[in-house]
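Structural features, examined
So the chains spell out like this:
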Amino acid sequence: MHTGILRAAATRNVNLTVKGKGKQRERYIDADEFDEEATLLGNRDNTLEEVEEGNVGEQSKRPQRPSSVHKTQNKSRTVPFRPAEKLQSKFPPNLVRNQKYNIFTFFPIVIYEQFKFFFNLYFLLVALSQFVPALKIGFIVTYVAPLAFVLCVTMGKEAYDDYKRNLRDREANSQKYLIFVPSSDSGPHTRSVPSSFLKVGDLVVLEKNQRVPADMVLLRTSDTSGTCFIRTDQLDGETDWKLRVAVPATQKLVNDKELLDLGAEVYADAPIKDIHTFIGTFTIHTPRTHSVDDVPMIQVPTVEPLSAENVLWSNTVLAAGSAVGFVIYTGSETRAVMNTSHPETKVGLLDLEINRLAKILCAVTFALSFGLVAANGFRGQWYIYVFRFLILFSSIIPISLRVNLDMGKTVYAQQIMKDSEIPGTIVRTSTLPEELGRIEYLLSDKTGTLTQNEMEMKKLHMGTMSYGFDSMDEVAHQLASAFGADQAHTRSNSIATGAQLAMRGRRDMSSRLRDVVLSLALCHNVTPVTNDDGTLTYQASSPDEVAIVKWTESVGLTLVFRDRTRMELQTPTGVRLTYDILDIFPFTSESKRMGIVVRDAHSGEVLFLQKGADVVMARIVQRNDWLEEETGNMAREGLRTLVVARKRLTSQQYAAFKTAHHAASIRLDGRGEAMISVVAQHLEHDLELLGLTGVEDKLQDEVKGTLELLRNAGIKIWMLTGDKIETARCIAISTKLVARNQYIHEVAKLKTSDQVRDELEFLQSKLDCCLVIDGESLQLCLNLYKNEFIEITTKLSAVVACRCSPTQKADVARLIRHHTKKRVCCIGDGGNDVSMIQAADVGVGIVGKEGKQASLAADFSVTQFSYLTKLLVWHGRNSYRRSAKLAQFVIHRGLIISIMQAVFSAIFYFAPIALYQGWLMVGYATIYTMAPVFSLVLDRDVNEDLALIYPELYKELTKGRALSFKTFFQWLMISVYQGAAIMIMSLLLFETEFLNIVSISFTALVINELIMVALEITTWHIYMVISEVVTLFFYVISIAFLPEYFDLDFVVSTRFAWKVAVIVAVSALPLYVIKLIRSRVAPAASSKLL
């Protein structure tokens, strides 16, 4: 029902598009117009229907398909071999483009990004006002220079970053690839072209370790079996190799040249984001093989279905051999590009808060200016007076604040990069160090971030006997003796078949051990590959399997050869055992098990071997009393468990199974279920339980301690991974992401809205559990109950999301940000984490085995996960506290001088005349106060050890109390009090000349500011002392060089000294007393620890 409605809506949509757009634009619509959810999940119903139509009734019409397809919105395509130029030009160019700007957009975008901040816009207007003679006050340069400096630095940084991006893009776009071209002679029909020149329909030759430049259907491989392995770590973050299969019809061709003569076409579905789904067909119309009568041998077109295993996605790497591919998607339509989002310009929360405060300060400035003009009764050209007052009070919002904060950020970045305890850490976005101090959600990748993705077999349990990692040499010894005994039997001509051995009542330990090791060495999907230097490496789609096969090699049983029909093992004594592979039942996330039927080439014995998760294997194996308990024990240790079992089959049993299985495999409806039930009925019951293996996925250094510390710091941790549910669950336990005995709630394979609602209601009632959810269910939850889902899950202590696509990871990060309005940090190490890292408030990339893609896209790059502790709890906390203090102090510095100006103007008949002019104003914001105020970036309230011992101090900061409206108004009141006190006291101790008021009040102001800095410092640093002393020295010296402001005879008199002392005492002493009382009555949390 639903699909019918959807389909009707889709057709209606298509018709509208055709009418509304010009012929060229009919098919290509901006990706944003696509329904996000439809693209993520792939509109499978439509596409299946199309494929079926094509297969059944319209095969003969297939060549005409492109013209009809191109008129629809859904971008599906039928591409013939050797397509016409016109058809190729309809698809997007194969360009990699990560840069933000081009030569025309750079200036306008950067200027807009800067002036959309109220802060900068205000300064621009003030600076421009100085070019109007009636409004001119002081030196123009004092208004223009700081703004120009800030803009130049920002633009220079943006330009440099974008230039580096451009270089990386050019390097990727200019990589050379060989393509087949039609040619009359019989020479090599290949031409080398840069990847940006590749078009849909090109036949591309790939060599070992070459990056796949576009999405392509695999036609031929150098391996005769038609398979090849690819590395997908930059796409889904998993480092295990994936097997891909060439189209059988093209693999059978004698050589690559025949591809050019083939009359064939590929139908490919519309591009979607899902990397696990692809629907297409491969049709051969007329292979150019003619009989004597010049009539084609094959009249009817042959159609073969294509799935994701026949496709190489762009950005993956061919791991071995060479291959030929047919390009189907290029540029913006490739899965890799569709799964990456464009980076936004990140702005720190502190900058946004200061921007808000600037608006309040602007309102204060307006109110002051208007108030003074109103008090004067709006006389004369009052509107010009309002503007002059506005400019006089412009120091209330000091431009030096931007300069100070930017310089502060640079200092923090240097401190982070020079920290010897976190070597190799790089700050790539220097505008965000304060954000590190306010993180409340940490979203982490699993593979390569929390784990090293290095598997190691740690335990083998056989019911009565258990072998740990330290007793593996005992296994090797027992195995050697078992195989040695076998050979002795063989030499004395009594061939001991498995059946005879089984009859010996209770078998001895070594033969039981031999059975389990032999089963582990046979039951897998691993292929041994000999490298150029003669060494052997194992390739498989699961690192667990490789770990087990490596372990069997280490105890003496080595896999030396494997193809699709045969496997050879070498025993500890050097004898080769050959087994024929009769059937393979691969591992799927539904079945949670993998089976294989093999025949011993020597004895002819047929064995069905199976390994899988304990939950499914428990009902397949014979009754036992130890399996459940031992799997529980291993899982608590964080080991990945697999149960190994076997069944001996007689030739009659196997023949019966084969007949039934074949009958099921050719059914048209319910084929999959029928085949599964045949396997269950004939093979999967009463298996002999051989043993239980425990494989450890090695964790990164100090992961457990790091996660615990971050949890104590009030950070909620989510793990988002592309891996299986079982694996993610194991890692969640072994990393202590889940507390001991905490309930883990698994949600998988949700299909309906009722199921989703039930799960959400359950979670609402049990908020102390850890949620483990798969990508499909997560997408359904987000589509149906987005707000409720995020509302509930953000309260949970831990969430693990499995089988997540890169886009889903980014969507989760954005949702948490928008819903909670809290700061989110994302950490990952692969190309698949880039979108998530860019969607976060703070992105941290780990330089790992999966390359540098994540670390280059991140704001901070580290070399291991445990460095996050120091980065957040120490550097982040300090950066935020220091910047908050610095910002408020710089605002105070501007406010106090403006209050003095206001008092002065109010007393002197509301005249808009500057109290301090020229060099005094320049000096006040620079040499007289800048160094001491800036030295606050070196302040700290606790030492490093205490910050790491008590992460709870970090939790306190996330509430944002270091810079809030409350603290801002406290500083506002301090400024008003001090400004008024200094000015009124100077006038009370009034001297006959106006010149003396300036010298007294200005000296008192400078000394007051130096004392205020000293009062704000918690821990003194040598530079702080130097800056205070040197600044005072400079001020005293400069008095001698500024006779127009200072009367030297008066300045050196005792009258001057005592008057200044009294004024400073009145302005600063009360604050010192208040600070003293507060530290006794309500001390800060950090001071309680000292």
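Quantities reported herein were computed from a predicted structural model and do not represent experimental measurements. (Residues numbered from 1 in each chain as written. Predicted model: local features only at pLDDT ≥ 70, side-chain atom pairs only at ≥ 80, totals over all residues. Heavy atoms only, no water.)

1. What about the overall build of the protein chain?
Spelled out, the test is: Helix and strand assignments follow DSSP, with helices taken as H or I runs no shorter than four residues and strands as E runs no shorter than two, numbered in order from the N terminus. Each residue's exposure class comes from its accessible area (1.4 Å probe, protein chains only) as a fraction of the maximum for that residue type: buried when under 20%, exposed when over 50%, partly exposed otherwise. Areas reported as accessible are Shrake-Rupley estimates using a 1.4 Å probe. Residue values count occlusion only from the protein chains shown.
When its secondary structure is counted, the protein chain shows 42 helices and 33 strands. A burial count over the protein chain gives 53% of its 1090 residues as buried. Surface exposure of the protein chain reaches about 48400 Å², of which carbon and sulfur atoms provide 59%.

2. Re the sheet that holds strand β9 (residues 280-286)
What counts here: The pairing criterion is simple: DSSP has to find at least two bridges between the two strands. Interaxial angle, 0 to 180 degrees, is taken between N-to-C directions of lines fitted to C-alpha atoms, where a helix line uses only the stretch in contact.
Spatially, the four strands line up as an open sheet ordered β1-β8-β9-β10, and their pairing is antiparallel. Of all the strands in the sheet, the pair left with one neighbour each is β1 (77-80) and β10 (302-306). The sheet shows a mean angle of 20 degrees between the axes of neighbouring strands, taken without regard to direction. Relative to β10, β9 runs antiparallel, the two sharing five bridges. In the sheet register, T281 faces β10, and the bridge partner there is P305.

3. Overview of the environment of R640
Heads up, the condition is: We call two residues in contact when some of their heavy atoms are within 4.5 Å. We call two N or O atoms a polar contact when they sit within 3.5 Å, provided that within protein one can donate a hydrogen and the other can accept it, with sequence-adjacent residues counted only if both atoms are side-chain atoms.
Mapping R640 onto the fold places it in strand β25 (residues 640-649). According to the relative accessible area criterion, R640 is buried, its value standing at 7%. Along the primary structure R640 and M457 are separated by 183 residues, whereas in three dimensions their C-alpha atoms are 9.3 Å apart. When residues no more than four places from it in sequence are discounted, the contact partners of R640 are M455, D544, T693, G694, V695, D697, T727 and C730. Among the polar contacts made by the side chain of R640, one reaches the side chain of D697 at a distance of 3.3 Å.

4. Quick look at the nonpolar core
Here is the rule: Nonpolar cores were defined as sets of buried Ala, Val, Leu, Ile, Met, Phe, Trp, Tyr and Cys residues, with membership established by side-chain atoms within 4.5 Å.
Ranked by internal contacts, the top residues of the largest apolar core, which has 58 residues, are F119, I354, I397 and L401. At nine residues, the largest contribution of residues to this core is made by helix α32 (residues 867-907). Not counting residues within four places of it along the chain, the set of residues in contact with F119 comprises I354, N355, A358, I397, P398, L401 and R402.

5. Comments concerning the pattern of salt bridges
Convention followed: Salt bridge criterion: a side-chain nitrogen from Lys or Arg within 4 Å of a carboxyl oxygen from Asp or Glu.
Across all of its chains, the model carries 43 salt bridges by this definition. Residue D351 pairs with K409 through a salt bridge whose shortest N-O separation is 3.4 Å. With D351 in helix α13 (residues 349-375) and K409 in helix α15 (residues 400-417), the pair connects residues that are 58 residues apart, well separated along the chain. Take D351: its relative accessible area is 21%, and that puts it in the partly exposed class. The network of salt bridges with common partners includes E454, E456, K458, E696 and K698.

6. Overview of the sheet that holds strand β12 (residues 317-318)
With antiparallel pairing, the three strands of this open sheet are ordered in space as β7-β6-β12. Across the chains shown, the open sheet's two edge strands, defined by having one partner strand only, are β7 (241-245) and β12. Alignment of strand β6 (residues 227-231) against β12, held across two bridges, turns out to be antiparallel. Considered in β12, the bridge of R231 is made with V317.

7. A closer look at the packing of aromatic side chains
Centre-to-centre distance and the angle between the planes together describe a pair of aromatic rings. Selection rule: Only Phe, Tyr and Trp rings are paired, with Trp represented by its six-membered ring, and only when their centres lie within 6.5 Å; those with planes under 30 degrees apart are stacked, over 60 edge-to-face, the remainder tilted. Placement of a positive charge over a ring is assigned whenever Lys NZ or Arg CZ falls within 6 Å of the ring centre and within 35 degrees of the normal to the ring plane.
Taken as a whole and judged by the stated rule, the model has 27 aromatic pairs. Here the aromatic cluster, defined as three or more aromatic residues joined through ring pairs, consists of Y916, Y924, Y928, F1002, Y1035 and F1046. Over the face of the ring belonging to F469 we find K458, whose NZ or CZ atom lies 4.0 Å from the ring centre. Above the ring of F483, the side-chain terminus of R514 is found at 5.9 Å from the ring centroid.

8. Structural notes on the confidence of the model for the protein chain
Where we set the bar: Confidence per residue, as judged by the predictor, is encoded in pLDDT with a range of 0 to 100.
Mean pLDDT for the protein chain: 83, with 88% of residues reaching 70 or above. Note on residues 499-507: pLDDT under 50 across the span, and 13 contacts to partners over four residues away in sequence or across chains.

9. Comments concerning the packing of α15 against α32
Helix packing for two helices is described by the angle between their axes and how far apart those axes are. To keep it simple, the criterion reads: Roughly parallel here means an angle under 35 degrees, roughly antiparallel means over 145, roughly perpendicular means 65 to 115, and every remaining angle is called oblique. Take the far helix as your reference; a near helix turned counterclockwise from it by less than a right angle gives a left-handed crossing, and one turned clockwise gives a right-handed crossing. When residue character is reported, Ala, Val, Leu, Ile, Met, Phe, Trp, Tyr, Cys and Pro are called nonpolar, Asp, Glu, Lys and Arg charged, and the others, Gly included, polar.
The interhelical angle for the contact between α15 and α32, taken along N-to-C directions, is 160 degrees, at an axis separation of 10 Å. Of the possible angle classes, the one that applies to α15 and α32 is roughly antiparallel. In this structure, α15 crosses over α32, and the sense of that crossing is right-handed. Along the contact surface, α15 presents S400, L401, N404, L405, Y412, Q415 and I416, while α32 presents L871, H875, S879, R882, S883, L886, A887, V890, I891 and R893. Split by residue class, the contact of α15 with α32 holds nine nonpolar, six polar and two charged.

10. Describing the pairing of β9
Across the seven residues that make up β9, a large majority, six, are buried. Pairing of strand β8 (residues 263-268) with β9, which is carried by six bridges, proceeds in the antiparallel orientation. Residue pairing in the sheet places A268 in a bridge with G280 of β9.

11. Let's talk about the packing of α13 against α32
Axis separation between α13 and α32 bottoms out at 12 Å; the angle between their running directions is 5 degrees. Comparing their axes, α32 and α13 come out roughly parallel. For the pair α13 and α32, the contacting residues are L350, I354, L361, L368 and L372 in the first and Y880, S883, A884, A887, I891, L895, A902, S905 and A906 in the second. Partitioned by chemical class, the residues of the contact of α13 with α32 number 12 nonpolar, two polar and no charged.

12. Let's talk about a nonpolar patch on the surface
Defined as follows: What makes a patch is a set of residues exposed beyond 30% relative accessible area and free of salt bridges, joined within 9 Å when like-charged and within 5 Å when nonpolar (Val, Leu, Ile, Met, Phe, Trp, Tyr).
On the surface, I927, I1022, Y1023, I1026, V1030, F1033, F1034, I1037 and F1041 cluster together into a nonpolar patch covering about 940 Å² of accessible area. On the secondary structure map, Y1023 appears in helix α39 (residues 1022-1041).

13. So, a positive patch on the surface
We count it as follows: Under the counting rule used here, the positive set is Lys and Arg, the negative set is Asp and Glu, and His together with the chain ends is not counted. Lysine's charge is taken at NZ, arginine's at CZ, aspartate's at CG and glutamate's at CD.
On the surface, K955, K959, R961, K966 and R1078 cluster together to form a positively charged patch. Within the element layout of this structure, R1078 appears in helix α41 (residues 1054-1081). The class of R1078 is partly exposed, set by a relative accessible area of 48%.

14. Regarding the environment of R512
Mapped onto the elements, R512 comes out in helix α18 (residues 509-522). C-alpha of R512 to C-alpha of A482: the two residues are 30 residues apart in sequence and 9.0 Å apart in space. Of note is the side chain of R512, whose polar atom sits 2.6 Å from the backbone oxygen of M462.

15. Let's talk about the side chain of R77
Tracing the backbone through its elements, the reader meets R77 in strand β1. In terms of polar contacts, R77 uses its side chain to reach the backbone carbonyl oxygen of I328, at 2.7 Å. A polar side-chain atom of R77 sits 2.6 Å from a polar atom in the side chain of E333.

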